[in-house]
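The primary structure of each chain is shown beneath.
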Amino acid sequence: MVLVGIWVSDHVLPAKDLHNRGPTRKDVTTNANTTNVLTIPIRDSHNSDAASLPAGGPAIFGFLFLLMSRATQMHYALIKAALVFQIKRSRIMSFKLSVELTGHTNDVRVVSSCTLNGTEAIVTGSRDGTARVWSKTEPFEYNVTKVLTGHKGPVTAICILPADKTVGRDKTYIVTGGQDAKIFMHDLDIDEPVKVFSGHDLYVSSITCFAGVLISVSWDCTLRVWDDTGRHTQCHSPAAYVVTVVPGQEPAFVLTGGADRMVKLWQVSSLSCLQEYQGHQDVVRDIKVLSPEQFLSAANDCTIRHWNIHTASCLSVFSGHEAYVYSISVFPGSGGAQFVSSGEDKTVRVWRNRSCEQTIQLPAQSVWNVHCLENGDFVVGSRYHNF
């Protein structure tokens, strides 16, 4: 079961005890503007006071939010839970809840998107062991059109391989990585995975693709290129968390981040490390490339950093999150001037021109992933917990 609720409050919810799950850093440069805050408690439909979930101990569910830059007022009701969720217009807010996607039975750990047969689709991976494809059927409606199975445990990474005749791919494939150390390639017309990649020893944390070749990193500390050579190398210790391609570069380069607090630049053909980027004080969780010259990184030190790829210099530091920053996503066409981030502090933050313009507080234990869509909306995957 999935529960999602959202409405606007005039105050910021008090910070919850994070049980030392992440440090708080207040000595960094760019401070967040927290005047624009969207809070998301849960309310009983028969009582205006905040309501708790049914008794029986902590209940954990996976859920997704699809937020859009709409100025309209919307109402949602979940009859089975006797809960009413509403969103109201605020004169300074830009993003509003648009759609709730229900179906996963545990944390939604990873979110992506693609176009399938001309239709917009969202792809999600969950701790329930499945990935789901949600195809858009109406302006505010998505239906599950495919459930991808095979992993023995949580789905922890997703990579979309769009149709590309230059590499001999005539349809879109979805690649999933799991805690079971496996990577599966899925054809949406077939129930079972069409290809299995085995080689990692632990949790597959991130997958990307260059020229039709998959590249992955894992908690086994390795970076692997899934071509005929089976090339791999140690990249971060004690774990690697993220890998992403640097576009527009020949030969191919990737950036990786890991538990050693560093970002590294690798040449794919030789798997040689060409550059290290030092500055984060804890695990590097996510990387988004802005151009062949610049990228953003997010870490457990509560910060987001903006880097020059060639000089390894940190151009700016964004602060505002109060715990681990798990995910960042850049709005299409913004050149990196506009992006969103999510983290362990239960928030999604919208950044524009080096300041935080909106903070969206979710009724979640962790906000694992945020992903921008081509139309300027964004999707959030998270873990719901009964406070």
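On a predicted model such as this, the values are computed, not experimentally measured, just so you know. Position numbers for residues start from 1 in each chain and track the written sequence from start to end. Per-residue local features of the predicted model are confined to residues with pLDDT of at least 70, and side-chain atom pairs are confined, for both listing and counting, to 80 or more; whole-chain, interface and lining totals are unaffected and use all residues. Each side-chain value is derived from all of the structure's non-hydrogen atoms; neither hydrogens nor water enter the calculation.

1. Thoughts on the pairing of strand E20 (residues 263–267)
And step 1. A 1.4 Å probe rolled over the protein chains alone gives each residue an accessible area, and that area as a share of the maximum for its type sets the label: buried under 20%, exposed over 50%, partly exposed in between. A run of H or I in DSSP counts as a helix once it spans at least four residues, and a run of E counts as a strand once it spans at least two, with each numbered from the N terminus. With 4 of 5 residues buried, E20 lies mostly within the body of the structure.
And step 2. Taking the residues that link successive antiparallel strands as the turn, the strand E19 (residues 253–258)-E20 hairpin has 4 residues, and the phi of Arg-261 there is positive, at about 75 degrees.
And step 3. Linkage of E20 to strand E21 (residues 272–277), two consecutive antiparallel strands, is achieved through a turn of 4 residues, within which Leu-271 is found at a positive phi near 50 degrees. Only strands joined by at least two bridges in the DSSP assignment are considered to pair.

2. Considerations on the sheet that holds strand E10 (residues 155–161)
And step 1. Pairing is antiparallel across the open sheet formed by 4 strands, whose spatial order is E10-E11-E12-E13. What marks the edges here is a single partner per strand, and that holds for E10 and strand E13 (195–197). Within the sheet, the average angular offset between the axes of one strand and its neighbour, ignoring direction, is 20 degrees.
And step 2. Alignment of strand E12 (residues 183–187) against E13, held across 3 bridges, turns out to be antiparallel. Looking at E13, one finds that Met-185 is bridged to Lys-195. Lines fitted to the C-alpha atoms define the axes, with helices restricted to the stretch that makes contact. Angles between their N-to-C directions range from 0 to 180 degrees.

3. Quick notes on the pattern of salt bridges
And step 1. Salt bridge, as used here, is a side-chain nitrogen of Lys or Arg placed within 4 Å of a carboxyl oxygen of Asp or Glu. Going through the model one piece at a time under the given rule, you end up with 10 salt bridges.
And step 2. Linking Asp-191 and Lys-146 is a salt bridge whose minimum nitrogen-to-oxygen distance equals 3.0 Å. In this pair, Asp-191 is assigned in the loop between E12 and E13 and Lys-146 in strand E9 (residues 141–148), connecting sequence segments 45 residues apart.
And step 3. Salt bridges here are not isolated pairs; linked through shared partners, they connect Lys-171, Asp-187 and Asp-189.

4. Some remarks on the packing of aromatic side chains
And step 1. Note on aromatic pairs: the rings of Phe, Tyr and Trp (six-membered ring only in Trp) are paired at centre separations within 6.5 Å, and the planes decide the class, stacked below 30 degrees, edge-to-face beyond 60, tilted for the rest. This model, assessed by the stated rule, comprises 14 aromatic pairs.
And step 2. Ring geometry for Phe-331 versus Phe-378: centroids 6.3 Å apart, planes at 70 degrees, classification edge-to-face. Here Phe-331 is found in the loop between strand E26 (325–330) and strand E27 (338–343), whereas its partner Phe-378 is found in strand E31 (residues 378–385), with 47 residues between them in sequence.
And step 3. The exposure class assigned to Phe-378 is buried, which follows from its relative accessible area of 0%.

5. Things to note about the side chain of Ser-112
And step 1. By the secondary structure assignment, Ser-112 is in strand E6 (residues 108–116).
And step 2. For Ser-112, a relative accessible area of 12% translates into the label buried.
And step 3. If we ignore the near neighbours within four places in the chain, the residues touching Ser-112 are Ile-122, Val-123, Ile-158, Ile-160 and His-371. Contacts are assigned to residue pairs that have any heavy atoms within 4.5 Å of one another.

6. Let's talk about the environment of Leu-202
And step 1. Mapped onto the fold, Leu-202 is located in the loop between E13 and strand E14 (204–210).
And step 2. Among the residues examined, Leu-202 registers a relative accessible area of 43% and is labelled partly exposed.
And step 3. Leu-202 sits 17 residues away from Trp-219 along the chain, and the two C-alpha atoms are 5.5 Å apart.
And step 4. In contact with Leu-202, not counting residues within four places along its chain, are Ala-181, Ser-218, Trp-219 and Asp-220.

7. A look at the pairing of strand E8 (residues 131–138)
And step 1. For strand E7 (residues 119–126) and E8, the ladder comprises 5 bridges, and the chain directions are antiparallel. Following the sheet pairing, Thr-124 is matched in E8 by Arg-132.
And step 2. Counted between consecutive antiparallel strands, the loop separating E7 from E8 contains 4 residues, among which Gly-129 sits at a positive phi close to 90 degrees.
And step 3. For E8 and E9, the ladder comprises 7 bridges, and the chain directions are antiparallel. By the bridge assignment for E9, Glu-138 is matched with Glu-141.
And step 4. Joining the antiparallel neighbours E8 and E9 is a turn of 2 residues.

8. A look at the sheet that holds E14
And step 1. In spatial order, the strands read E14-E15-E16-E17; together these 4 strands make up an open sheet with antiparallel pairing. With one partner strand each, in any of the chains shown, E14 and strand E17 (232–234) form the two edges of the open sheet. Strand-to-strand, the axes of this sheet are offset by a mean angle of 15 degrees, without reference to chain direction.
And step 2. In this sheet, E17 lies alongside strand E16 (residues 222–225) in antiparallel orientation, the contact comprising 3 bridges. Within E17, the position partnered with Leu-223 by the bridge is Thr-233.

9. Side note on unusual backbone geometry
And step 1. Ser-237 connects to Pro-238 through a cis peptide bond whose omega is 10 degrees.
And step 2. By the element assignment, Pro-238 lies in the loop between E17 and strand E18 (240–246).
And step 3. A positive phi angle, close to 50 degrees, is found at Ala-211, a residue other than glycine.
And step 4. Looking at the secondary structure, you find Ala-211 in the loop between E14 and strand E15 (213–218).
And step 5. Take Ala-211: its relative accessible area is 54%, and that puts it in the exposed class.
And step 6. The phi dihedral of Arg-354 falls on the positive side, at around 70 degrees, and the residue is not glycine.
And step 7. Turning to its location among the elements, Arg-354 is positioned in the loop between strand E28 (347–352) and strand E29 (355–361).

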